[in-house]
Amino acid sequence: MREQDFQIRLQGLAWMFAVAFTGLAVRLVFVQAIHPQLPTENDGTEQTIVRPALRGAILDVQGNVLGKSRVVYDVHADPVVIGTNAAVLAAYAAPILGRPAAELAELMTPHPELRTNQMTLTNAGLVRTQWVRRWYTNRSVLVQSNVEPAVWVRYREGLTNVLLPRAEMLAAELKAGQKATPRSWERVEALVRGEASALKSEKQRLLRIRRELFPLRQQQAEVRINGLTASPVEQRVYPQGYAAAHVLGYTTNDVARPPRGVPVRLIGATGIENRFDAELRGVSGLLETHRVKGRELVQFRGRDLAARDGLNVRLTIDSHLQSIVEQALDDAVEAIHPKAITCVMVRPRTGEILAMANRPTYDPNQVRTAPVDHRMNRAITVPSEPGSTFKLLTYAAAIDLGLADIDDLVDCAHGVWQPPSGRPVRDIAGHGLGVVSLEEAFAKSSNVGAARLGLRMSPEQMIGYMRRLGFLQRSGVMYANRGNWGGEHPGGIPDPNRMNIERQGRMSYGYGLYATPLQTVMAASAIANNGVLMKPLLVHSLETGEGRVVMRFDPTPASAEPAVRPGTAAQMRRALRAVVTDGTAKIVALEDYEVAGKTGTAHKVDPATRRQSNEKYTSTFVGYLPADQPEICILVLADEPDKRGGGSHFGGRACGPVFRTIAQQTASYLAIPPTTRTNQASHLAENPKLPVARAR
Amino acid sequence: MTTLTTLLILAVGSLVALSLTVLSSATLLDRNPDASLQSQAISCGVGLLALVVGAGLDYRRWGRRRWVWGLYGVTLGLLVLVLVFAPEIKGARRWLWGIQPAELAKLTMVLVLAWYGSRYWSGMDGFWVGVGRSALIVAPMIALVLLEPDRGTAALMMAVTLAVLMLAGVRWLHVGVPALVGGAVLAVMILVNPMARNRIERWIEGDGYQVNKGLMALGQGGVAGAGLGRGTLKYNVPEVHTDFILPAVGEELGLTFTLGVVGAYLVILMCGFTIAAKAPDRFGMLLAAGITSVISTQAIVNIGVVTEMFPNKGMPLPFVSRGGSNLMVLLAMVGLLVSVARQASGPTVPVPSGRAGGKRRRSPFSHETELPESA
C-alpha cells in the first residue's frame, strides 16, 4: 500500500467521525431548539405546602387556659396499597393505634364495588347522559382519629422491620444461596467434575428468588410510605371541661370533607370562638418549592411565609370564680331540680362579667353528644318574665322622676287592689301589707305597692327607664358586628303600642315583658354603681402568643349620662339592703358582709292553658355585696325549681342559698374586706396588710 | 504541533471541568453526593497525573515487545480475575476493587494493535498477518469482556479494531468481510438477547422511558438552559450521572453547552487525526488514530443514544460521565496522544534509550522499515 493510501484512509476515517458529530449536532439543535419534547404539564416537582396557623387560645383574666388548640393526627389507610398485607400491618398497628387488629384489618381490606354513575357526555354540541358502570375502591379510610404525634412517630419507627414475612423469608433464602454458591476455583472444579447443570439450576433458582424479591421490596416500601398516612388535624381542647362552656362556645370544621392534603380549618361556631373567630384564627403561611423523591430542592424555594398564629383572647372571666359558680349550680341542681338555672356574676364598677354559667350545660370537648338546647347560653339568649326583680326599675323610675321618695307611705291594701281598670292586683298570699313605707313595700315585695307606684307614671316614662337601664335592647356583650349579636336576645314587650292600665300595672311588678338574666343583673349593677349602667364586658384583651397586648377592651358606660341620678341610686340601695335585712331574702344574709338584693318569683305561662300556672315559676335572686361599696353583683335565676322534696319556688328560698354560697366564697377569694362591724376588726387583725378589694 | 496539543488539552480540560460541575448538580439528591464527587475528583487527579506522565515520556517506550505483551498479559489476567472474583452487580461482573478492567482493555487493545500494525506493516495486506493474527490477538480480550457481560465495550473494541486494522493497511476485502460477519454476529446476539431486543423495539417505537425523560430534559433546557443547579427534569432521568449526563448538561446549560460538548469532541477528533497524520512513525500514527477512534466512537454512541438516534446502549460520555476507570484510562490515552504530538515536532526531552527513540528527524512513515524483524 502506498503512503498516500494511508493518508487517504486516515482522512476518510476522520471525516466519517466528523460527519457523525455534525449529524449529532444537528440533531441536538432539533431536540433542544427546534422541536423540543416538553413535559405535558408541570414536571410534578412543584409543591405548595400550606403552613397552617394554630388557632389562638382563650384565657381567663388570670391567664389560665380555658380553650386552646393542639395538633393531632388523623390516620388514614389506603386499602389498595396495603392489599394482601392487611393482616400483617393490622397486627402491627393495632396495639399502637389502640384498635383491635381484626377491626383494623377489615378497614384495610379493599372492598371494590361496582357503581353505576350517570355521566354527561358532550359531543359536538349534543349533550347526552348515559349510565356508566365502573369499579370503585375507597383509597382513604379513616382508621383512627386524634392520634397523638408521639404515637404516630412510634408507629413509623417500628415499621421498618415488621412487614411482609414472605419478603423476609426470600431475603434469607437468597442470602443463604449466595453464600453457598461456589466461588472462583471451586466453581472451576465443579465444572470439571461435570456439575455444570447443577450450578446452572442453582443460579436459575437464585434468579427466580431475586425476581420475586425485588417487586416485594418495592411493595414493602410502598406500604411503608403510603399504607397508613397521617394528616395533621387541629384539635380544640377545653382543659376545664364544661366550665364557662357557653361563653367559650365551640368550633366546627370549615368543610365537612376537605380534599386530600388540605388541612382542616376550625371555625368558631358559637360563643367567643365564633365572635372572635377572625382574631383567633390567625393567618396560615405557605411554602412554594420543588420536591423530587421526597427531597426538597432548596434552590427552587419560592414564597416562604411563616404562619402567624391566632391571637389569644383573654376573657374577664376568672376561672376560679367560674368554678365556684359551676359548683354552686351543680349543688343547686341537686337541691331544687330546676329545668334550667343560670348565674351571672358582674363587677358593677366596670361591667366585667366575672363568671357566667348555665344548667343544663355540655362539655365543649364532646359537643356532638350534647343536645342543642344544652348548648344555649341562657344568660343572654333566653328571656323570661322577670317578676318581682323588675320592681327595682319601677321604684327607681318613680323616685328618679320625683314621683315618690323611698320613705313615702303607700297603701298596699292588704294584698288585693283594684286598679282603675282591668283585673285586680294580688299580692302573694301571706304578705297582706297595709299602709307601709315604700322601703318596706319593696322589701316585702308587694305587687300592689309596685303597681300603684308604676301607675303614677306614663307608659312612655316606664319604657324610657327600661331603655335607660338596658332593657329592651341588646347590650352587645358578644361583640356584635354586622348583625351578628352572638345569639343575644333583646327581651321586649309584646305589642307595646296597645298599652293599657292593666298591662302597665302588671309591668310594674315584672309581668308582660321579657328580660334576659344579663339585662336584670346589669340593671341591678347600675343601681349598685351609683346609677351608671356599664356595658357588659366579657373580653379583657387580645394578646399575641407571647403575651403582648394587641387590643384592650376598657370599661365604658352604656350611655353618656347616668341611667338614674346618684340620689335615686342611693335610695334604691337602701331599699335593696332592706330586702335582705328584713324582707324576702333574709336567708342570704352573710356573717361578714352586708348584702343587698331583690328576690323575684314569676308565674310562668303554662303553654297548655295559655294562662299563668301555679305550678311553674321562674325564681330569681339578684344581689350585690358589700351593700355600701358594691364589689360584685350576682344573679341566680332558676327555671321551674321543684318545690317538692323540701324545695321552694320563692326566689329567696330557691336561689338565695345558691347566691349565698357563691357570694361567700367569692368575697373570700377576692379578699373583700368584711363590712359588718363585729367582724371587720377580726378580719383586719388576721390580714393586716390586705388591700382593698381586688380592683382593676 | 504546539497549537494542536494546546487545543487538545483545552478541549479535554473543558470537558473534565464541565463534568465535575454538572456532576455536582446531578448527584445533588444522591444519598452521599459529596463522596461520589470526591471519588470522581480523585480519579480525575490520578488521570491527569497519568496524562502528564504519558505526555512527558516518549510513547515509543511503550512500543517495545515486552511492554506490549506485559500489558496484554496483565489485562487478560485482570479480565479473568474480574470474572472469577467480582461480585455481580445488576447482572454483570465488571468491577474489581473499584476499577473496570474492561476500560484498561481498550487501551491495551489500541496499544497492541498499533504495535502489531507497525511491527508487521509490510505484511498487513495479507489475510493471515493482516486479519487472522490480529484477530487472534484481540479475540481473547473481547471474549472476556463479552463474558462479563459488557457488550457495549466489546462492540466498541470490535469497531476500533476494524478502524486500526484498516489504517494499518489491511485490504478492504479483509476488513469488510469480518465487519459483515461481526455485524451478523451482533444481529444474532441482539435477536437472542431479550433485553437487547426489547431496547431495539423500544427505540423503534420511541417509548424508552430513560430516553424520553432525557429528551424532555434536553428540551426543557432549550437554547439558554435553566441555569446551573436549576434543572428538575434531570432527576427523573435514570443514570443521569453516568451514561445520561448530556441531558443534565442540556437542561441546565442549554444548547450552547451541548453543542460546545460536540465541538470539543470535534476538536479532539481533529487534533487526534492530525497528530496521527504527522506522527513520526507508524506506531505513533496507529496509536493516535486508535485512541482518537475510541474517544470519538464512545462520544458518538453516547450522544446518539441520548438523542434517540441509536437504540439504548450503555456507553459513558468520554471525560464527562461519572466513572473513575473510564476517566483515568481516557486521560492516560490523551497523554499518549500528546506524547506522539511532541515526538512529531521533534523531541524536546532526550529519550533515554530504546530502539524507537531517535534524535534524528524522520519522515512520518519511513523509519519502521529500518527495524530488524526480531524486535
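Predicted, not measured: the structure shown is a model, and the values here were computed from it.

(A) Geometry of the overall build of chain A. Along its length, chain A carries 22 helices and 24 strands. Counting across all 696 residues of chain A, residues that qualify as buried make up 47%. In chain A, the proportion of contacts linking residues at least 24 apart, taken out of those at least 6 apart, comes to 70%. Looking at chain A as shown, the accessible area adds up to about 33,900 Å², and 53% of this sits on carbon and sulfur atoms.

(B) Inspection of the overall build of chain B at higher detail. If you tally the helices and strands in chain B, you get 12 helices and 0 strands. If you list the helices and strands of chain B from N to C, you get α-α-α-α-α-α-α-α-α-α-α-α. Put simply, chain B has 375 residues, and 54% of those count as buried. A sequence separation of at least 24 residues applies to 74% of the contacts in chain B between residues at least 6 apart. Carbon and sulfur atoms provide 67% of the accessible area of chain B, an area that totals close to 14,900 Å².

(C) Spotlight on the packing of helix H2 (residues 33–56) of chain B against helix H12 (residues 324–344) of chain B. Residues and elements named next belong to chain B. As a packed pair, H2 and H12 sit with axes 7 Å apart at the nearest point and diverge in direction by 20°. With respect to H12, the element H2 is oriented roughly parallel. Crossing geometry of H2 relative to H12 is assigned as right-handed. For the pair H2 and H12, contact is made by Gln 40, Ser 43, Cys 44, Val 46, Gly 47, Leu 48, Ala 50, Leu 51, Gly 54, Ala 55 and Gly 56 and by Gly 324, Leu 327, Met 328, Leu 331, Ala 332, Val 334, Gly 335, Val 338, Ser 339 and Arg 342, respectively.

(D) Structural context of the interface of chain B and chain A. At the interface, 62 residues of chain B touch 37 residues of chain A. Between chain B and chain A the total buried area reaches about 4,200 Å² when both faces are included, carbon and sulfur atoms providing 68% of it. Ranking the residues of chain B by area buried against chain A places Leu 29, Thr 232 and Ile 300 of chain B at the top, with a combined share of 13%. On the surface where chain B and chain A come into contact, there are 1 salt bridge. The shortest N-O distance in the salt bridge between Arg 27 of chain A and Glu 308 of chain B comes to 4.0 Å. Of all the secondary-structure elements, those providing two or more residues to the side of chain B that touches chain A are helix H3 (65–85), helix H6 (151–167), helix H9 (209–221), helix H10 (245–277) and helix H11 (282–306) of chain B. A per-class count over the side of chain B that touches chain A returns 36 nonpolar, 18 polar and 8 charged.

(E) The arrangement of the packing of aromatic side chains in detail. For the coordinates displayed, the defined rule picks out 18 aromatic pairs over all chains. Arranged with centres 6.2 Å apart and planes meeting at 50°, the rings of Phe 17 of chain A and Phe 273 of chain B form a pair that is tilted. Note that Phe 17 of chain A is positioned in helix H1 (residues 3–34) and Phe 273 of chain B in helix H10, a pairing that runs across two chains. Like Phe 273 of chain B, Phe 17 of chain A is buried. Pairing Phe 276 of chain A with Tyr 479 of chain A gives two aromatic rings, centres 5.1 Å apart and planes at 65°, and the pair type is edge-to-face. With Phe 276 of chain A in the loop between helix H10 (271–275) and helix H11 (277–281) and Tyr 479 of chain A in the loop between helix H17 (459–468) and helix H18 (501–508), this pair connects stretches of sequence that are 203 residues apart. Each of the two residues, Phe 276 of chain A as well as Tyr 479 of chain A, counts as buried. Among the aromatic residues, those joined into a cluster by ring pairs are Trp 69, Tyr 72, Trp 115, Tyr 116 and Tyr 120 of chain B. Positioned above the aromatic ring of Phe 442 of chain A, the side-chain terminus of Lys 598 of chain A is 5.4 Å from the ring centre. The ring of Tyr 120 of chain B has Arg 133 of chain B lying over it, and the distance from NZ or CZ to the ring centre is 4.6 Å.

(F) Inspection of the sheet that holds strand E15 (residues 352–359) of chain A at higher detail. Residue and element names in this part refer to chain A. In spatial order, the strands read E15-E14-E24-E23-E22; together these 5 strands make up an open sheet with antiparallel pairing. Single-partner strands in this sheet number two, and they are E15 and strand E22 (596–606). Sheet twist, expressed as the mean angle between neighbouring strand axes with direction ignored, is 10°. Direction of pairing for strand E14 (residues 340–347) relative to strand E24 (residues 632–639): antiparallel, over a ladder of 7 bridges. Note on E24: the bridge partner recorded for Val 346 is Cys 633. Packing of helix H12 (residues 319–336) onto the sheet brings it into contact with E14, E15 and E24, and relative to E15 it is tilted by some 30°.

(G) Representation of helix H5 (residues 149–158) of chain A in the model. All names here are of chain A. All of the buried residues along H5 are Val 151, Trp 152 and Tyr 155. Viewed along the axis of H5, the buried residues span an arc of 100°, placing them on a single side of the element. Those residues of H5 that are exposed and angled more than 90 degrees off the buried face are Ala 150 and Glu 157.

(H) Just the packing of H1 of chain A against H6 of chain B, in detail. Two elements in contact, H1 of chain A and H6 of chain B, have axes whose closest approach is 9 Å; the angle formed by their N-to-C orientations is 150°. In terms of orientation, H1 of chain A and H6 of chain B fall into the roughly antiparallel class. Contact residues: Phe 6, Arg 9, Leu 10 and Leu 13 of chain A in H1 of chain A; Ala 163, Met 166 and Leu 167 of chain B in H6 of chain B. In terms of residue class, the contact of H1 of chain A with H6 of chain B is built from 6 nonpolar, no polar and 1 charged.

(I) Broad picture of the nonpolar core. Formed by 129 residues in total, the largest nonpolar core has its most connected members in Ile 272, Leu 315 and Ile 662 of chain A. When residues of this core are sorted by domain, at least three fall in each of domain 1 (46–59 + 235–311) and domain 3 (319–686) of chain A. In this view, Ile 272 of chain A contacts Ile 58, Val 247, Leu 248, Gly 249, Asp 277, Leu 280, Val 313, Leu 315, Met 478, Leu 538 and Val 539 of chain A; residues no more than four positions away in its chain are not counted. In terms of nonpolar packing, the next biggest core, distinct from the first, is built from 124 residues, Ala 55, Tyr 72, Met 141 and Ala 264 of chain B among them.

(J) A look at a nonpolar patch on the surface. Taken together, the side chains of Leu 173, Val 177, Val 181 and Val 185 of chain B present a nonpolar region at the surface, about 360 Å² in accessible area. For Val 177 of chain B, the location among the structural elements is in helix H7 (residues 172–192).

(K) Broad picture of the pattern of salt bridges. All names here are of chain A. Counted under the stated rule, the structure contains 33 salt bridges over all chains. Arg 347 is the salt-bridge partner of Glu 352, the closest N and O atoms lying 3.2 Å from each other. Considered together, Glu 352 and Arg 347 belong to a single accessibility category, that of buried residues. A cluster of three or more residues bridged by salt bridges with shared partners is formed by Arg 55, Arg 236, Glu 273, Asp 277 and Arg 281.

(L) How the structure looks around unusual backbone geometry. Cis geometry marks the peptide bond from Arg 359 of chain A to Pro 360 of chain A, where omega comes out at 0°. Even without being a glycine, Glu 308 of chain B presents a positive backbone phi close to 65°. Its place among the elements puts Glu 308 of chain B in the loop between H11 and H12.

(M) Geometry of the environment of Val 382 of chain A. All names here are of chain A. Inspection of the secondary structure puts Val 382 in the loop between helix H13 (378–381) and helix H14 (391–400). Put simply, Val 382 and Gly 491 are 109 residues apart on the chain and 8.4 Å apart in space, counted from C-alpha to C-alpha. Ignoring anything within four residues of it in the chain, the contact list for Val 382 reads Met 376, Thr 516 and Pro 517.

(N) Focus on the confidence of the model for chain B. Residue and element names in this part refer to chain B. Mean pLDDT over chain B stands at 83; residues scoring 70 or higher make up 91%. Of the regions scoring below 50 in pLDDT, residues 348–375 engages in 50 contacts with residues more than four places distant in sequence or in other chains. The ipTM value of the predicted complex is 0.88, and its pTM value is 0.68.

(O) Quick look at H9 of chain B. Over its 13 residues, H9 of chain B runs 18 Å from end to end, which matches the ideal 18 Å to within 8%, given 1.5 Å per residue. With 10 of its 13 residues buried, H9 of chain B lies for the most part within the structure. As for H9 of chain B, its buried residues are in contact with H1 of chain A together with H10 and H11 of chain B. Directly beyond the C-terminal end of H9 of chain B, a positive phi value near 60° is found at Gly 222 of chain B.

(P) Inspection of the side chain of Thr 601 of chain A at higher detail. Mapping Thr 601 of chain A onto the fold places it in strand E22. Those residues in contact with Thr 601 of chain A that sit more than four places away from it in its chain are Ser 388, Tyr 511, Tyr 617, Thr 618, Ser 619, His 649, Phe 650 and Gly 651 of chain A.

(Q) Geometry of the environment of Arg 156 of chain A. All names here are of chain A. Locating Arg 156 in the fold gives a position in helix H5. With a relative accessible area of 35%, Arg 156 lands in the partly exposed category. For Arg 156 and Ile 225, which are 69 residues apart along the polypeptide, the C-alpha to C-alpha distance reads 9.0 Å. Excluding residues within four positions of it along the chain, Arg 156 makes contact with Arg 224 and Ile 225.

Rules used throughout
- Residues numbered from 1 in each chain as written.
- Chains lettered and ligands numbered in written order.
- Predicted model: local features only at pLDDT ≥ 70, side-chain atom pairs only at ≥ 80, totals over all residues.
- Heavy atoms only, no water.
- Helix = DSSP H or I, 4+ residues; strand = E, 2+ residues; numbered from the N terminus.
- Buried < 20%, exposed > 50% of the residue type's maximum accessible area, 1.4 Å probe, protein only.
- Contact = heavy atoms within 4.5 Å.
- Areas by Shrake-Rupley, 256 points an atom, 1.4 Å probe, with all protein chains shown as cover.
- Axes fitted to C-alpha atoms, helices over the stretch in contact; angles between N-to-C directions.
- Parallel < 35°, antiparallel > 145°, perpendicular 65-115°, else oblique.
- Left-handed = near helix turned anticlockwise from the far one by under 90°.
- Buried area = accessible area lost by both parts, 1.4 Å probe.
- Salt bridge = Lys/Arg side-chain N within 4 Å of Asp/Glu carboxyl O.
- Nonpolar A, V, L, I, M, F, W, Y, C, P; charged D, E, K, R; others polar.
- Phe/Tyr/Trp six-rings, centres within 6.5 Å; stacked < 30°, edge-to-face > 60°.
- Lys NZ or Arg CZ within 6 Å of the ring centre and 35° of its normal.
- Pairing = 2+ DSSP bridges.
- Arc of directions from axis to C-beta.
- Core = buried A, V, L, I, M, F, W, Y, C linked by side-chain atoms within 4.5 Å.
- Domains from an automatic or database assignment.
- Patch = residues over 30% accessible without salt bridge, like charges linked within 9 Å, V, L, I, M, F, W, Y side chains within 5 Å.
- pLDDT = per-residue confidence, 0-100.
- Expected span 1.5 Å × (residues − 1).

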